[in-house]
Amino acid sequence: MDFGVQVNVYRTSWDDVRASVTAMEAGSWDSVWFADHFIPPGANREQEALTAFEGLSAIAFAGGMTKKLKLGNLVLGNTYRNPALVAKIAGTIDTASQGRFTLAIGAGWYKREHEAYGWTFPSMKERQDRFEEACELLRLLIHSKEPVDYHGSYYQADNARLSPGSYDKPIPIMVGGTGPKRTLRTLAKYGDVMNLDGWAGGGMALDYYKHKAGILEQHCEDVGRDPAEIRRTLLMPCYLTEDKNLIERMVRGLGPGTVAGSRQYIVDRIGEFADAGIAEIMFGGLASGDVDRLQQFEEQIVSAFK
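Owing to the predicted nature of the structure, the values given are computational and were not obtained by experimental measurement.

Undergrad: Please set out the environment of Gln 300 residue by residue, giving values where relevant.
TA: Within the secondary structure, Gln 300 is located in helix H10 (residues 291-300). With a relative accessible area of 29%, Gln 300 lands in the partly exposed category. For Gln 300 and Val 267, which are 33 residues apart along the polypeptide, the C-alpha to C-alpha distance reads 8.6 Å. For Gln 300, the residues in contact, after removing those within four places along its chain, are Leu 240, Arg 263 and Val 267.

Quick look at the structure:
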């Protein structure tokens, strides 16, 4: 199993982000991930002035700081950028990092940042329609050896070529979100990686993952896709602690599936996911710059699976 961390890029300094990435590169971690918002989620108007590093330029810079870590965003918001532009940036990052980039993208949800920057915030249906088109166009651009023509309701391409494209293997597309009717069907049609978000999924219950995986597999059958082609990953909020009060507080806040407890408890929980076919876990909830905490996770948890 591979292990990564979603390094926080909100309400922090670049020095702290750099410290985390440098420590991960020196350790036994496999991947580093940044979020993608233009205002820290949950911010009030006063807090909107706090730092929020832009996702793609930040992860590209991290690529220049590293040689082994795989790179990605959890996840890019489709409504922020034209998907053909996203493909072009992805090709550049993947080429410069020698094939270490995953293009992870979701439909977009944070209304306030759209208002702040003057972007249209469509209805849920339109966002899903746009997202499905975007994923189709991204896959065409990444996989086609010829220039791409595309004429959708929202996005168009006229003899567009992705150059630079993928470094060696086609850039993997991670479809963010697990909505049963639209998002998982879009993943079945156009994605390469599933990611279950524990912040939105009751903490991280094994039964919750199995339920979503079953829906994905049905969509794969419907569209003629082998579900084994889709890599399974988790964004896991994780709290390594013996503090019962903290554990209870985290479970109340995130849900009964929250992974919070002793080293052995966490190792056992992760082992269950490994047995269920999860290929990679990205830990969430580790503060930027907290190198000691990263090393603690590496020594007590990651090492149990290496």
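Undergrad: Run through H10, naming residues and quoting values.
TA: For H10, the full list of buried residues reads Leu 294, Phe 297 and Glu 298. Each buried residue of H10 sits inside an arc of 100° when the element is viewed along its axis, so together they form one side. In H10, the exposed residues that point more than 90 degrees away from the buried face are Asp 292 and Glu 299. Lining the buried residues of H10 we find strand S1 (2-6), helix H1 (14-26), strand S10 (231-240) and strand S12 (280-284).

Undergrad: Give me the packing of H1 against helix H2 (residues 55-65): which residues, what numbers.
TA: Put simply, H1 and H2 touch, their axes get as near as 11 Å, and they point 50° apart. Taken as axis vectors, H1 and H2 run oblique relative to one another. H2 is crossed by H1, and the crossing has right-handed handedness. Between H1 and H2, the residues in contact are Trp 14, Arg 18, Val 21 and Thr 22 and Ala 58, Phe 61, Ala 62 and Met 65, respectively. Within the contact of H1 with H2, the residues separate by chemical class into 6 nonpolar, 1 polar and 1 charged.

Undergrad: Give a detailed account of the packing of aromatic side chains, specifying residues and quantitative values.
TA: Per the counting criterion, the structure on display carries 13 aromatic pairs. Arranged with centres 6.1 Å apart and planes meeting at 90°, the rings of Trp 29 and Phe 283 form a pair that is edge-to-face. Taken as a pair, Trp 29 in the loop between H1 and strand S2 (31-34) and Phe 283 in strand S12 lie far apart in primary sequence, 254 residues in all. A relative accessible area of 2% places Trp 29 in the buried class. Here Phe 283 falls in the buried class, since its relative accessible area comes to 0%. Joined through ring pairs, the aromatic side chains of Phe 3, Trp 29, Phe 283, Phe 297 and Phe 305 make up one cluster.

Undergrad: For the nonpolar core, give the residues involved together with the corresponding values.
TA: Counting residues in each nonpolar core, the largest one holds 73 residues, and the members touching the most others are Trp 29, Phe 34, Leu 103, Met 236 and Phe 283. The element that contributes the greatest number of residues to this core is helix H5 (residues 124-143), accounting for 7 residues. Once residues within four sequence positions are removed from consideration, Phe 34 is found in contact with Val 7, Val 9, Trp 14, Val 17, Val 21, Gly 55, Ala 58, Ile 59, Ala 62, Gly 72, Asn 73 and Leu 74. Within the second largest apolar cluster, 7 residues are counted, among which are Trp 33, Leu 74, Met 174 and Met 282.

Undergrad: Which residues make up the pairing of strand S5 (residues 101-106), and what values go with them?
TA: For S5, the buried fraction is high: 6 of the 6 residues fall into the buried class. Here S5 shows no split at all, with Phe 101, Leu 103 and Ile 105 on one side and Thr 102, Ala 104 and Gly 106 on the other all buried. Here strand S3 (residues 70-73) runs beside S5; their pairing, made up of 2 bridges, is parallel. Bridging across to S5, Gly 72 finds its partner in Thr 102. Sheet topology note: the strand S4 (residues 76-77)/S5 ladder contains 2 bridges and is parallel. Note on S5: the bridge partner recorded for Gly 77 is Gly 106. As for the winding sense of the linkage, the β-α-β connection from S4 through helix H3 (residues 83-96) to S5 is right-handed. Across 3 bridges, S5 lies against strand S8 (residues 173-176) in parallel orientation.

Undergrad: If you had to explain the pattern of salt bridges to someone new, which residues and values would you point to?
TA: Here the structure, examined in full by the defined rule, presents 17 salt bridges. For Asp 2, the salt bridge identified is with Arg 231, shortest N-O distance 3.0 Å. Of this pair, Asp 2 sits in strand S1 while Arg 231 is found in strand S10, placing the two residues 229 residues apart along the sequence. The salt bridge partner of Lys 306 is Asp 30, with a shortest N-O separation of 2.6 Å.

Quick notes on the rules
- Residues numbered from 1 in each chain as written.
- Predicted model: local features only at pLDDT ≥ 70, side-chain atom pairs only at ≥ 80, totals over all residues.
- Heavy atoms only, no water.
- Helix = DSSP H or I, 4+ residues; strand = E, 2+ residues; numbered from the N terminus.
- Buried < 20%, exposed > 50% of the residue type's maximum accessible area, 1.4 Å probe, protein only.
- Contact = heavy atoms within 4.5 Å.
- Arc of directions from axis to C-beta.
- Axes fitted to C-alpha atoms, helices over the stretch in contact; angles between N-to-C directions.
- Parallel < 35°, antiparallel > 145°, perpendicular 65-115°, else oblique.
- Left-handed = near helix turned anticlockwise from the far one by under 90°.
- Nonpolar A, V, L, I, M, F, W, Y, C, P; charged D, E, K, R; others polar.
- Phe/Tyr/Trp six-rings, centres within 6.5 Å; stacked < 30°, edge-to-face > 60°.
- Core = buried A, V, L, I, M, F, W, Y, C linked by side-chain atoms within 4.5 Å.
- Pairing = 2+ DSSP bridges.
- Right-handed = clockwise from strand over helix to strand, strands pointing away.
- Salt bridge = Lys/Arg side-chain N within 4 Å of Asp/Glu carboxyl O.

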